[in-house]
Amino acid sequence: MSLVEATPAIRKTALNAVHRQMGAKMVEFNGWDMPVEYPAAIGCGIINEHMAVRSGAGIFDVSHMGDIRLSGPQALAAVQHISINDASRLALGQAQYSALLYPQGTFVDDVIVHRFAEDNFLVVINAGTREKDFSWVHDNASQFDCQVENISDCYTQIAIQGPKAAELLQKLTDMDLSAIKQYWFAHGMLWLSENSVRNDKLQVIFARTGYTGEDGFEIYVPSDEETSARVWSAILAAGKEFGAVPCGLGARNTLRLEGRLPLYGHEISDTINVWEAGLDRFCKMEKPEFVGRAALDRAKAAGVKRTLVGLEMTERGIARDGYKVLDGGGREIGYVTSGSPAPFLKKNIALAYVPVEFGAIGTQVKVEIRGQGVGAVVVRTPFYKRPKKSS
């Protein structure tokens, strides 16, 4: 077999041609050809895109995310077995953040579980772990009377994020979006033109979820290129008055970092457990059993040795992913999982794993940058919290 034949084809979302027509800078991301940022000529670029989400609205193509459906008489039991949160608490139309664990208590992936019916669940997974996740879910749910389907290619998923996101989307539907609370979802009609006679529409799923630290929605639409492009265009047009812009992976990363939202392969991985990652509030140990539960019990009894902290640079320098964290004497004690300038906060921030004894707020550490220890301090996270809406 030649090298050319052995190289897997880079995948494209249904909006790929649209991104290219808009002049987006495209990069390979977990096997996908994705926009990292859009041109400054249309008011974009990572900083402008980031700020648009914080002040108005940003629109993301997140169709590279995966979707697994579990349905059948024992679908709930299967979801309970494979995930750390308590899916039995979900009402119809409700979603929850959760995770899939290996038997040793470390992460397969973090996910969002949606309950469509008593015996019908949608698990949204990360792009870079699609095949691994599906195989893992399929294998670990095999003992239950339920069907496990990879329906990742059935949807184009578009995220509309920011304080004006709901107002923007409301222009394109007669569904009362204010009735959809955080981590709830509903089926409804989306108009493809706000000025049409309302017969140019399609049914979509409106989910009040996101990955930016802001209010917003993720909508699921049919995945054909024509429909996807028309929906994208309609949302952009409706968003003009709110300063909405298309956003790429660059802003998605800086936004989620400000909000302390974990990224697989960085803050969570197959070598990190729930306690270390600080995600124990989503882990319902009172459930009878789930994959990884016994290992988490043992890890907790043994005591957590390291913890995920927020760092703010106190000296000039940017902490990048993988950089070493040092104590005051220059001894290596940990590493940066994600680091970047924070466009909204106008600070250089990072997330890092350090020994528990270095995890207290105000602890002074250093980050090794180009061979030099640069000052940083442990700070509270999330770095950014969206303002509470006035009643």
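Our subject in this report is the structure included herewith. The model shown is predicted, which means the values in this text are computed figures rather than measured ones. (Residues numbered from 1 in each chain as written. Predicted model: local features only at pLDDT ≥ 70, side-chain atom pairs only at ≥ 80, totals over all residues. Heavy atoms only, no water.)

## A closer look at helix α8 (residues 249–258)
Okay, so step 1: Where burial is concerned, most of α8 is hidden: nine out of the 10 residues are buried.
Okay, so step 2: Among all positions in α8, only L249, G250, A251, R252, T254, L255, R256, L257 and E258 are buried.
Okay, so step 3: Positive phi appears at R260, one or two residues downstream of α8, with a value of about 55°. (Buried < 20%, exposed > 50% of the residue type's maximum accessible area, 1.4 Å probe, protein only. Helix = DSSP H or I, 4+ residues; strand = E, 2+ residues; numbered from the N terminus.)

## A few points about unusual backbone geometry
Okay, so step 1: A cis amide bond, omega 5°, links T381 with the succeeding residue P382.
Okay, so step 2: Position of P382 relative to the elements: it lies in the segment after β19 (372–379).
Okay, so step 3: One non-glycine residue with positive phi stands out, namely R370, at about 50°.
Okay, so step 4: Note on placement: R370 falls in the loop between β18 (364–369) and β19.
Okay, so step 5: A residue is classified by how much of its surface remains accessible, and R370, at 76% relative accessible area, is exposed.

## Topic: the sheet that holds strand β8 (residues 147–150)
Okay, so step 1: Here five strands make up an open sheet; going across it, the order is β5-β6-β7-β4-β8 and the pairing antiparallel. Both edges of this open sheet fall to β5 (95–101) and β8, since each of them pairs with a single strand only. When strand polarity is set aside, the average angle formed by the axes of neighbouring strands in this sheet is 30°.
Okay, so step 2: Contacts between helix α4 (residues 75–82) and the sheet are confined to β4 (66–71), β5, β6 (107–117) and β7 (120–125), with β4 contributing the most and set at about 130° to the helix. (Pairing = 2+ DSSP bridges. Axes fitted to C-alpha atoms, helices over the stretch in contact; angles between N-to-C directions. Contact = heavy atoms within 4.5 Å.)

## What about the state of the cysteines?
Okay, so step 1: For the structure shown, the criterion picks out zero disulfides.
Okay, so step 2: Its sulfur unpaired, C44 is 6.8 Å from the next cysteine sulfur, which belongs to C247.
Okay, so step 3: Note on C44: relative accessible area 3%, which makes it buried.
Okay, so step 4: Looking at C247, the relative accessible area reads 2%, which means it is buried. (Disulfide = S-S within 2.5 Å.)

## Here we look at the side chain of S83
Okay, so step 1: Tracing the backbone shows S83 in the loop between α4 and β5.
Okay, so step 2: A distance of 2.6 Å separates a polar atom in the side chain of S83 from the backbone oxygen of V79.
Okay, so step 3: For S83, the contacting residues outside a window of four places in its chain are S98, A99, L100, K287 and F290. (Polar contact = N/O pair within 3.5 Å; in protein donor to acceptor, adjacent residues only side chain to side chain.)

## Re the pairing of strand β2 (residues 32–37)
Okay, so step 1: Across the six residues of β2, five count as buried, placing the element largely inside the fold.
Okay, so step 2: Strand direction decides the pairing type here: strand β1 (residues 25–29) and β2, joined by five bridges, are antiparallel. Counterpart to K25 in the pairing with β2 is E37.
Okay, so step 3: Hairpin connection from β1 to β2: two residues lie between these consecutive antiparallel strands, with N30 at a positive phi of about 50°.

## Topic: the pattern of salt bridges
Okay, so step 1: If you walk through the whole model with that rule in mind, you get 19 salt bridges.
Okay, so step 2: A salt bridge links R69 to E149; the nearest nitrogen and oxygen atoms lie 3.0 Å apart. One end of the pair, R69, is in strand β4; the other, E149, is in strand β8, and 80 residues separate them in sequence.
Okay, so step 3: Given a relative accessible area of 27%, R69 falls into the partly exposed group.
Okay, so step 4: Between E312 and K347 there is a salt bridge, and its shortest N-O distance comes to 3.5 Å. A residue pair is termed long-range when its members are at least 10 positions apart, and E312 in strand β14 (residues 306–313) and K347 in strand β17 (residues 347–355) qualify at 35 residues.
Okay, so step 5: Accessibility expressed as a relative area gives 22% for E312, which makes it partly exposed.
Okay, so step 6: Connected via shared salt-bridge partners are R54, E214 and E258. (Salt bridge = Lys/Arg side-chain N within 4 Å of Asp/Glu carboxyl O.)

In short, geometric facts, not functional conclusions.
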